[in-house]
Protein chains: 2
Amino acid sequence: MTVPAALPLPAPVPAETPAIAPLRDFVVAFGTLLDQSPDEARIREEGSALLARLVARDDWLPEAFAAPHPTYYQQYLLHADSTERFSIVSFVWGPGQKTPIHDHTVWGLIGMLRGAEYNQPFALDAAGRPVPSGDPDRLEPGAVAAVSPTIGDLHRVSNAFDDRVSISIHVYGANIGGVHRHTYPEDGPRKPFVSGYSNTTLPNLWDRSKEGRRSA
Amino acid sequence: MTVPAALPLPAPVPAETPAIAPLRDFVVAFGTLLDQSPDEARIREEGSALLARLVARDDWLPEAFAAPHPTYYQQYLLHADSTERFSIVSFVWGPGQKTPIHDHTVWGLIGMLRGAEYNQPFALDAAGRPVPSGDPDRLEPGAVAAVSPTIGDLHRVSNAFDDRVSISIHVYGANIGGVHRHTYPEDGPRKPFVSGYSNTTLPNLWDRSKEGRRSA
Ligand SMILES: [Fe+3]
Ligand SMILES: [Fe+3]
Ligand SMILES: [Mg+2]
């Protein structure tokens, strides 16, 4: 549609319809869950069910938030709640990339979207050094895992592949990029850690004006 | 900071510190206000005070969300609440641009950030045609106005300038881009209207990792 500049008409909507509705539906459902002030166990249970539904399909994440970096794993914020009750992050692992051993200080849910990752829990020994706690879990697409100070908060996450990208979608009980937490070097004391985010722009989940339309 | 690819370190944060903290603070304060389930009059009163504080300074809006279009006024979504209780939009008027006469169906607050605009209220006559209701208000930077079905929901907004850009920050009691509402042509029946948004990416307000830092 093209109209002369003088006509006070709203702009035409972009022709392309983003497939991002599943993420929007997840945000609304998660916010509605938290509106009920559930305890952490219920958040983990019902939140995991919502996240499992989100990562049951891999057709909605925009490419800009699925792009790996040659050196660093990427943490793309996808949505943050108005009062920072929760945040949603796309973690993109390049081949062979892994996190340091770290904590969260809040509940976290991990939903595997693409590829696979190893999730190795850790506990602290008497000297405060991190030691592996059981075997690593291998997460395949569709799988969901949880962390929290209640059930075990320390882990290291690694791309299961050294020749391809893996992506998982994480949900946390805070604006995780701003949380003051820690990494745990194997040979020294824990270090203060504020992760930040890799992205300066977020996807616009909220354009419902094209719902029900098919672009030509 | 550069580290070898093998080290499992988080990525360094971007060097530049965006000045977007005032918008983040506004979002958190507005969400906290709505958590108290205020009635519309209180939202207008306390929400207007919050918005007045936000538009009292013009140093925080990223350029990408302040860019005019040669033909159409732009509606850049800046934030949407998880359960769509509210949304925040940057309206960018090119020289001489104006909206159609339109309604909202929900409360709306308008905070003037840059330039100036005319806000002309309308009412419907017995035949359902829009007629001006009083004189237009000229909004100067820092001013806040309100609309709603309770206090008057129809208006037309125009850039007060024909040679420069004007920008106002709007807050609505819904995900306004998806609301089914109406425009009111002066010579015919009202028309269905879903505005959508001009942008596919939102600013990332949420990176608190650089708070207190000054980049070199
Ligand atoms: Fe983690
Ligand atoms: Fe309006
Ligand atoms: Mg609430």
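From a predicted model like this one, the values you see are computed outputs, not experimental measurements.

**Structural notes on the overall build of chain A**
Now for step 1: Of regular secondary structure, chain A possesses two helices and twelve strands.
Now for step 2: Secondary structure elements of chain A, listed N to C terminal, follow the sequence α-α-β-β-β-β-β-β-β-β-β-β-β-β.
Now for step 3: Residues counted as buried form 53% of the 216 residues belonging to chain A.
Now for step 4: For chain A, the accessible surface area stands at approximately 9,400 Å², while carbon and sulfur atoms represent 52% of it.

**Topic: the confidence of the model for chain A**
Residue and element names in this part refer to chain A.
Now for step 1: On average, residues of chain A score 91 in pLDDT, and 89% of them reach the 70 mark or higher.
Now for step 2: In the model, residues 13-17 has pLDDT below 50 throughout and makes twelve contacts with residues more than four positions away in sequence or in other chains.
Now for step 3: Interface confidence in the predicted complex, given as ipTM, is 0.89; pTM for the same model is 0.91.

**Here we look at the nonpolar core**
Now for step 1: By size, the foremost hydrophobic cluster in this structure holds 87 residues, and its most contacted members are F30(A), I169(A), F30(B) and I169(B).
Now for step 2: Examining the composition of this core, we find that seven residues originate from one element, helix α1 (residues 21-34) of chain A, more than from any other.
Now for step 3: Those residues in contact with I169(B) that sit more than four places away from it in its chain are L51(B), L54(B), V55(B), W60(B), L78(B), I88(B), V89(B), S90(B), L109(B), I110(B), G111(B) and L113(B).

**Some details on the pattern of salt bridges**
Now for step 1: One pass over the full model with this rule turns up 18 salt bridges over all chains.
Now for step 2: For D59(B), the salt bridge identified is with R57(B), shortest N-O distance 2.9 Å.
Now for step 3: When its relative accessible area of 43% is taken as the criterion, D59(B) is described as partly exposed.
Now for step 4: Overall, the relative accessible area of 41% leaves R57(B) in the partly exposed class.
Now for step 5: Among the ionic pairs, R156(B) bridges to E186(B), the shortest N-O distance being 3.2 Å. In this pair, R156(B) is assigned in strand β8 (residues 154-159) and E186(B) in the loop between β10 (181-183) and β11 (191-193), connecting sequence segments 30 residues apart.
Now for step 6: According to the relative accessible area criterion, R156(B) is buried, its value standing at 13%.
Now for step 7: Each of D35(A), D81(A) and R85(A) takes part in salt bridges that share partners, so that together they form one network.

**Topic: the sheet that holds strand β7 (residues 144-147) of chain A**
Residues and elements named next belong to chain A.
Now for step 1: Strand order in the open sheet formed by five strands is β1-β2-β9-β3-β7, with antiparallel pairing between adjacent strands. Single-partner strands in this sheet number two, and they are β1 (74-80) and β7. Each strand of the sheet is rotated relative to its neighbour by a mean of 25 degrees, with strand direction disregarded.
Now for step 2: Judged from the six bridges that link them, strand β3 (residues 108-114) and strand β9 (residues 166-172) form a sheet pairing that is antiparallel. What sits directly across from G111, in β9, is I169.
Now for step 3: Packed onto the sheet, α1 meets β1, β2 (87-93), β3 and β9 and runs at close to 135 degrees relative to β2.

**Focus: the packing of aromatic side chains**
Now for step 1: Applying the stated criterion to the full structure yields 14 aromatic pairs over all chains.
Now for step 2: What links up through ring pairs into an aromatic cluster is the set F26(A), F30(A), F86(A) and W107(A).
Now for step 3: Above the ring of F161(A), the side-chain terminus of R164(A) is found at 4.3 Å from the ring centroid.
Now for step 4: The positively charged end of R138(B) is found above the aromatic ring belonging to F161(B), 5.5 Å away from the centroid.

**Focus on helix α1 (residues 21-35) of chain B**
Residues and elements named next belong to chain B.
Now for step 1: With 15 residues, α1 should cover 21 Å at 1.5 Å per step; its first-to-last C-alpha distance of 21 Å lies within 8% of that length.
Now for step 2: Residues of α1 that are buried: P22, L23, R24, F26, V27, F30, G31, L33 and L34.
Now for step 3: Looking at the buried side of α1, the elements it contacts are α2 (40-54), β1 (74-80), β2 (87-93), β3 (108-114) and β9 (166-172).
Now for step 4: Once α1 finishes, S37 follows within two positions and takes phi at roughly 50 degrees, a positive value.

**Observations regarding unusual backbone geometry**
Now for step 1: Phi is positive for S37(A), close to 50 degrees, though the residue is something other than glycine.
Now for step 2: In this fold, S37(A) is placed in the loop between α1 and α2 (40-55).

**Topic: the pairing of β9(B)**
Residues and elements named next belong to chain B.
Now for step 1: The element β9 is extensively covered by neighbouring structure, given that seven of its seven residues are classed as buried.
Now for step 2: Because side chains alternate across β9, one face comprises the buried residues S166, S168, H170 and Y172, and the other comprises I167, I169 and V171, equally buried.
Now for step 3: Across seven bridges, the pairing between β2 and β9 is antiparallel. Bridging from a neighbouring strand, V92 pairs with I167 of β9.

**Side note on the packing of α1(B) against α2(B)**
All names here are of chain B.
Now for step 1: It is at 10 Å that the axes of α1 and α2 come closest, and there the two elements cross at 170 degrees. Classified by the angle between their axes, α1 and α2 sit roughly antiparallel to one another. Contact residues: α1 offers P22, L23, F26, A29, F30, L33 and L34, while α2 offers R42, I43, E46, G47, L50, L51 and L54.
Now for step 2: Residues that form the contact of α1 with α2 fall into these classes: eleven nonpolar, one polar and two charged.

**A word on the sheet that holds β1(B)**
Residue and element names in this part refer to chain B.
Now for step 1: Read from one edge to the other, the open sheet built from five strands follows the order β1-β2-β9-β3-β7, with strand pairing classed as antiparallel. The sheet terminates laterally at β1 and β7 (144-147), the two strands that pair on one side only. Taken over all neighbouring pairs, the strand axes of this sheet differ in orientation by 25 degrees on average, direction set aside.
Now for step 2: Sitting on the sheet, α1 touches β1, β2, β3 and β9, and the angle it makes with β2 is about 135 degrees.
Now for step 3: Packed on one face of the sheet, α2 meets β3, β7 and β9 and runs near 15 degrees to β3.

**Description of the side chain of H182(A)**
Residue and element names in this part refer to chain A.
Now for step 1: When you line up the elements, H182 lands in strand β10 (residues 181-183).
Now for step 2: A distance of 3.3 Å separates polar atoms of two side chains, one belonging to H182 and the other to R190.
Now for step 3: H182 has contacts with I101, H102, D103, R190, K191, P192 and F193, leaving out every residue within four places of it along the chain.

Definitions and cut-offs
Residues numbered from 1 in each chain as written. Chains lettered and ligands numbered in written order. Predicted model: local features only at pLDDT ≥ 70, side-chain atom pairs only at ≥ 80, totals over all residues. Heavy atoms only, no water. Helix = DSSP H or I, 4+ residues; strand = E, 2+ residues; numbered from the N terminus. Buried < 20%, exposed > 50% of the residue type's maximum accessible area, 1.4 Å probe, protein only. Areas by Shrake-Rupley, 256 points an atom, 1.4 Å probe, with all protein chains shown as cover. pLDDT = per-residue confidence, 0-100. Contact = heavy atoms within 4.5 Å. Core = buried A, V, L, I, M, F, W, Y, C linked by side-chain atoms within 4.5 Å. Salt bridge = Lys/Arg side-chain N within 4 Å of Asp/Glu carboxyl O. Pairing = 2+ DSSP bridges. Axes fitted to C-alpha atoms, helices over the stretch in contact; angles between N-to-C directions. Phe/Tyr/Trp six-rings, centres within 6.5 Å; stacked < 30°, edge-to-face > 60°. Lys NZ or Arg CZ within 6 Å of the ring centre and 35° of its normal. Expected span 1.5 Å × (residues − 1). Parallel < 35°, antiparallel > 145°, perpendicular 65-115°, else oblique. Nonpolar A, V, L, I, M, F, W, Y, C, P; charged D, E, K, R; others polar. Polar contact = N/O pair within 3.5 Å; in protein donor to acceptor, adjacent residues only side chain to side chain.

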